[in-house]
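Below, each chain spelled out in residue letters.
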Amino acid sequence: MNLSFFLFYISAAVAITTAIMAVTRKNASHALIYLVVTLLSIAVIFFLLGAPFAAALEIVIYAGAIVVLFLFVVMMLNLGRSSVARESQWLRPGMWVLPAILSGVLFIVFGYTVLQTENSAMIEGQVVPPKEVGTVLFHEYLLGVELAGVLLLAALVGAFHLGRRYLEERREN
Amino acid sequence: MHLLWAIPALPLAGFLILFLTEGRLPRAMVSNIGAGSVGLAALLTGYVAWQFISSDSTSFTSSSWTWMIVGEFNVSFRLWVDALSLVMVSVITGVGFLIHWYATGYMSEEEGYSRFFCYMNLFVFAMLILVMGDNLLLLFLGWEGVGLCSYLLIGFFHKVPEFGYAARKAFVVTRVGDTFLIIALFLLFREVGSLEIQEGLVYARENMSDASTINTIICLLLLGGAVGKSAQVPLQTWLPDAMAGPTPVSALIHAATMVTAGVYLIARMQDFFMLSQTAMLCVAAVGLITLLIASFTALVQSDIKRVLAFSTMSQIGYMFFALGVGAWSAGLFHLMTHAFFKALLFLASGSVILAMHHEQNMFKMGGLWKKLPIPFIAMLVGSAALVALPLTSGFFSKDAILLKAWKSDSDFATLFWTVAVIAAFLTSLYTVRMMVLTFFGKPRSEMHELKKESLWHPSRIRTVVPFGLLAVLSIAGGWMGFEFTSDLFGDKGVHAEFHFDPIALLTLGVPFAGVVVGYFLFASDLIDRRRLIKNKMGELLSKFWGSGWGFDWVYDTLIVKPFRFIAQTRLNRNDVVDLFFNLIKFLANLFHHILSMFQTGHVRWYAFTMVGGLLLVFLAVVWI
Amino acid sequence: MTTALSIPLEHVFFLAIILFLIGAFGVLIRRNIIFMLLSLEIMMNACGLAFVAAGARWAEPDGQIMFMFILALAAAEVAVALGLVVQFARRFETLDIDRAEELNG
């Protein structure tokens, strides 16, 4: 029972709460702020689990880059008060029932699967330093790195193509 | 012999290049690739032949690699060359090269120039595989390959429906023979346990008795295959129609090489045939019947190429006859000389036809010898060899066959010999008729406006040189090939006894007699030809002979028409087979509709089904 | 070096499951594309969390490496998806995913 022990459960609670908030907000900007908090708490958990490099990446790339990208799009599309009103119209409670049941059943099945596992183990929080991660990444997972590079290149080309204006012009013809 | 594989590989490479470039190459380059690849193969063959003659071994093999292994059935991909194969390979590449060379001029104004050489190279490759394969399956591969090329090249001018019909006819009729052949291969494999040719021959020599029924059946089935490919009775009807192809094709495929594949097959399987008296008799009989029928038919044709086609049939009949009476070497010798002079005749007739603006009717020609001197001389030389005038190549080979037939110990030797001599006489007759109608007399047509840049113009060296070389071979091929081919099968000794006994004198005299009678019949005015034809008997005979003894009519009535009737009536519509396929159609339609119900276009529906599917998978994992 | 944590692996897994289901729930209930993508990010984070936890259990770097691959995947996905969102908004003047229903069987 030390500080990090409690810190884990506190972070977990924060992550769950903010994730629920993020998913249910009507204002996109608010939802994204909640998402950032979720990501930060997950980063804390990463750190506690002994993965400081993953924690840093979580903050730098997820919270720092991806969410900012989202924010840019939200600002560009100018989702103001009218969109909030429309969201309340879209988010009728009746729609929640079936997804909620489905999620509940999935939770039971997942939980059952996890609890089935024998040899339940404790995580001691042994730190795996970034150097070790890098060594393994560029030796055993070199092919994966190359493939990820190809994937990112494809995404780059795709995003570039989608962002071009002429698609719009073609629609008008 | 490590360069052996290159002989078939060269035409194959030519084919692949022409095939993959799809006619985008300039014509000069197509000529170089198409004719050059065969030319190089011919040079290489010469080198191999020189090595073969100067070495002591009786055969060369190339290194082998495995084609397929199915259980105990092991097919290796190995080339085998002995004296027999070498004769065939020399003819294929040598004559093939000359014909390719000639074709670069002949086809120069046609569409699909590249396609033509593409097919021709593929043909040469397949034919080489046929004769060089050390395995009957490899032989069969080449066998079908040449059949395919024959089909493609007969229908080369595919815009004319009749030519397409001729191509299909050739394909289907030879397919009948191929079916016999493949059944023979099955039986052989069952008997011998291998399709290796040499293994099979050893097995036949050591393990089979003279009276073996299964051996006779195998031999007869092999004969069936040979008959189909070599256009012998009763599967000969495709060859005259095959003349629809360009003339170089007729020269190469339907005179010099492919149609002799049947002869090669029987010669290759010699040890099997030697064991079966019945099969040998059948081979001889088939040859003789074809010989007679084709000679008579050639006598009344009006199309110059059809005359040559029937002449080819009859000459191959000679070869079969030779094999049947045990004159193996003489038969192969005749195959070689025939390739020379028949190719020459076809090429010369092709020049005539081209000069006449694709007119093939001899009755519209006449008096051409002044205007077409080079084709005339070529045709004269070829005809002399065909008629077997002394000192031409055809004389040596035909004489060897006739003498051997006379001396054979068959019960029917005298009968066989008599028929063969009559056929030789007929050969002289129709040859003289063809020459007279084409080159002598008065022009019977106004179409003699000769093209200026025509093929036999001395400046067109590429058509003159093949003529010259083939003419030299037609005359000198007899002496040159004699020593080499006379001892192919260890049955030497026929020509050694060539001296003045009455039989030899008779065989010597028959061609002359034919020429003289032919002259009086067709060229001089001593006999009124009209009166010969204009009685009932004459009309009937000429009609009967002209139609190829009615074989086409018989097949049409017996096979084609009933088949068409069955295919076109309502009898076999909506039957059980259709039901089965309709069921497949119905099921495919049903599943399509069910699946398309899931494709709603709503993204959230997709997400929902994905989560549901995830749930199902996990439930399955947990509870199973 | 250790952070002296000592918690059961199952607890981390449960956290991952809960986050994953929250994300899935979000994808299912929202009609706005932006929110659906946001929920997808939560789901991917949950997966990454499970990987990192499993890696930490054995004190091996493989879990973190898998997380990095997920990160690369998320970056690529977001780039393309946001491009699509922008095109979608231009074309339909709305972000309602139910408008994109032309592609049906």
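None of the values given here were measured: they were computed from a predicted structure.

Definitions and cut-offs
- Residues numbered from 1 in each chain as written.
- Chains lettered and ligands numbered in written order.
- Predicted model: local features only at pLDDT ≥ 70, side-chain atom pairs only at ≥ 80, totals over all residues.
- Heavy atoms only, no water.
- Helix = DSSP H or I, 4+ residues; strand = E, 2+ residues; numbered from the N terminus.
- Buried < 20%, exposed > 50% of the residue type's maximum accessible area, 1.4 Å probe, protein only.
- Contact = heavy atoms within 4.5 Å.
- Areas by Shrake-Rupley, 256 points an atom, 1.4 Å probe, with all protein chains shown as cover.
- Polar contact = N/O pair within 3.5 Å; in protein donor to acceptor, adjacent residues only side chain to side chain.
- Buried area = accessible area lost by both parts, 1.4 Å probe.
- Salt bridge = Lys/Arg side-chain N within 4 Å of Asp/Glu carboxyl O.
- Nonpolar A, V, L, I, M, F, W, Y, C, P; charged D, E, K, R; others polar.
- Core = buried A, V, L, I, M, F, W, Y, C linked by side-chain atoms within 4.5 Å.
- Pairing = 2+ DSSP bridges.
- Phe/Tyr/Trp six-rings, centres within 6.5 Å; stacked < 30°, edge-to-face > 60°.

Student: What am I meant to see in the overall build of chain A here?
Tutor: Helix and strand content of chain A: eight helices and one strand. Helices and strands in chain A line up, N terminus first, as α-α-α-α-α-β-α-α-α. Looking at chain A as a whole, 37% of its 173 residues are labelled buried. In chain A, once contacts between residues fewer than 6 apart in sequence are set aside, the share between residues at least 24 apart is 62%. Accessible area of chain A: about 9,800 Å², with a carbon and sulfur share of 70%.

Student: Teacher, can you tell me more about the overall build of chain C here?
Tutor: Of the regular secondary structure elements, chain C holds three helices and one strand. Taken from the N to the C terminus, the helices and strands of chain C come in the order β-α-α-α. Across chain C, contacts joining residues at least 24 apart in sequence account for 56% of those joining residues at least 6 apart. A total of about 3,600 Å² of accessible surface is found on chain C, and carbon and sulfur atoms cover 68% of it.

Student: Would you mind going over unusual backbone geometry with me for this structure?
Tutor: Most peptide bonds are trans, and most residues other than glycine sit at a negative phi. The residue after valine 233 of chain B, namely proline 234 of chain B, is reached through a cis peptide bond having omega 5 degrees. Tracing the chain through its elements places proline 234 of chain B in the loop between α8 (213–229) and α9 (238–241). Even without glycine at this site, alanine 231 of chain B takes up a positive phi of about 55 degrees. Mapping alanine 231 of chain B onto the fold places it in the loop between α8 and α9. Judged by relative accessible area, which is 0%, alanine 231 of chain B ranks as buried. The backbone of alanine 59 of chain C sits at a positive phi, close to 55 degrees, despite the residue not being glycine. Of note, alanine 59 of chain C is situated in the loop between α2 (33–58) and α3 (62–92). Owing to a relative accessible area of 25%, alanine 59 of chain C belongs among the partly exposed residues under this scheme.

Student: Explanation requested: the side chain of serine 194 of chain B in the structure shown.
Tutor: All names here are of chain B. Along the chain, the position of serine 194 falls in the loop between α6 (161–192) and α7 (197–207). Reaching out from serine 194, the side chain makes a polar contact with the side chain of glutamate 199 at a distance of 3.2 Å. Ignoring any residue separated from it by four or fewer positions in sequence, one finds serine 194 in contact with Leu188, Phe189 and Glu199.

Student: Explanation requested: the interface of chain C and chain A in the structure shown.
Tutor: How big an interface is tends to be expressed through the accessible area that disappears when the partners come together. Contact with chain C, which involves 74 residues of that partner, is made by 88 residues of chain A. On the chain C side of the interface with chain A, the three residues burying the most area are Leu5, Gln64 and Arg90 of chain C, jointly 8% of the side's total. Seen at the junction of chain C and chain A, the total is one salt bridge. Of the charged contacts, one joins arginine 30 of chain C and glutamate 87 of chain A as a salt bridge, the two residues approaching to 2.8 Å between their closest N and O atoms. Summed over the shared surface of chain C and chain A, the result is twelve residue pairs in polar contact (both at pLDDT 80 or more). Those elements giving two or more residues to the side of chain C that touches chain A turn out to be β1 (7–8), α1 (9–29), α2 and α3 of chain C. Broken down by element, the side of chain C that touches chain A gets its largest block of residues, 25 residues, from α3 of chain C. Of the residues in the side of chain C that touches chain A, the class split is 51 nonpolar, 13 polar and ten charged.

Student: Looking at this model, I keep getting lost on the nonpolar core. Mind explaining?
Tutor: Generally speaking, a soluble globular protein has its nonpolar side chains buried in company with each other. With 174 residues, the main nonpolar core has Met127, Phe273 and Phe320 of chain B as its most contacted residues. Here the element with the most residues in this core is helix α15 (residues 328–355) of chain B; it accounts for 18 residues. Apart from the residues within four sequence positions on either side, methionine 127 of chain B is in contact with Met88, Ile92, Val146, Thr257, Met258 and Ala261 of chain B. Counting 94 residues, the second largest nonpolar core, distinct from the first, contains Ile33, Leu49, Leu71 and Leu95 of chain C.

Student: Explain the pairing of strand β2 (residues 65–70) of chain B to me, please; I cannot follow it from the model alone.
Tutor: Along any regular strand, the residues point their side chains to alternate faces of the sheet. All names here are of chain B. With zero of six residues buried, β2 is to be regarded as a mostly surface element. In this sheet, strand β3 (residues 73–77) lies alongside β2 in antiparallel orientation, the contact comprising five bridges. If you follow methionine 68 over to β3, its bridge partner there is valine 75.

Student: Got a minute to help me understand the pairing of β3 of chain B in this structure?
Tutor: Across the five residues that make up β3 of chain B, a large majority, four, are buried. Following β2 of chain B, the chain reverses through two residues before pairing antiparallel with β3 of chain B; glycine 71 of chain B in that reversal takes a positive phi of roughly 60 degrees.

Student: Just checking my understanding: could you explain the pattern of salt bridges for this structure?
Tutor: Pairing between side chains of opposite charge can happen when the charged atoms of each approach one another. All names here are of chain B. Scanning all chains against the criterion turns up 15 salt bridges over all chains. Residues aspartate 241 and lysine 169 are paired through a salt bridge, measuring 2.5 Å at the closest nitrogen-oxygen approach. You can see aspartate 241 sitting in helix α9 and its partner lysine 169 sitting in helix α6, a full 72 residues away along the chain. Overlapping salt bridges, with partners in common, bring together Lys169, Asp241, Arg306 and Asp552 in one network.

Student: Any chance you could explain the packing of aromatic side chains here in plain terms?
Tutor: How two aromatic rings sit relative to each other is given by the distance of their centres and the angle of their planes. Evaluated as defined, the whole model comprises 29 aromatic pairs over all chains. Ring geometry for phenylalanine 46 of chain A and phenylalanine 67 of chain C: centres 4.9 Å apart, planes at 75 degrees, overall edge-to-face. Taken together, the positions of phenylalanine 46 of chain A in helix α2 (residues 28–48) and phenylalanine 67 of chain C in helix α3 put the pair across two chains. Residue classification places phenylalanine 67 of chain C among the buried residues on the basis of a relative accessible area of 1%. Where phenylalanine 116 of chain B meets phenylalanine 117 of chain B, the ring centres are 5.3 Å apart and the plane angle is 90 degrees; that geometry is what we call edge-to-face. The buried category is assigned to phenylalanine 117 of chain B, whose relative accessible area is 0%.

Geometric descriptors of this kind do not, in isolation, establish any biological role.
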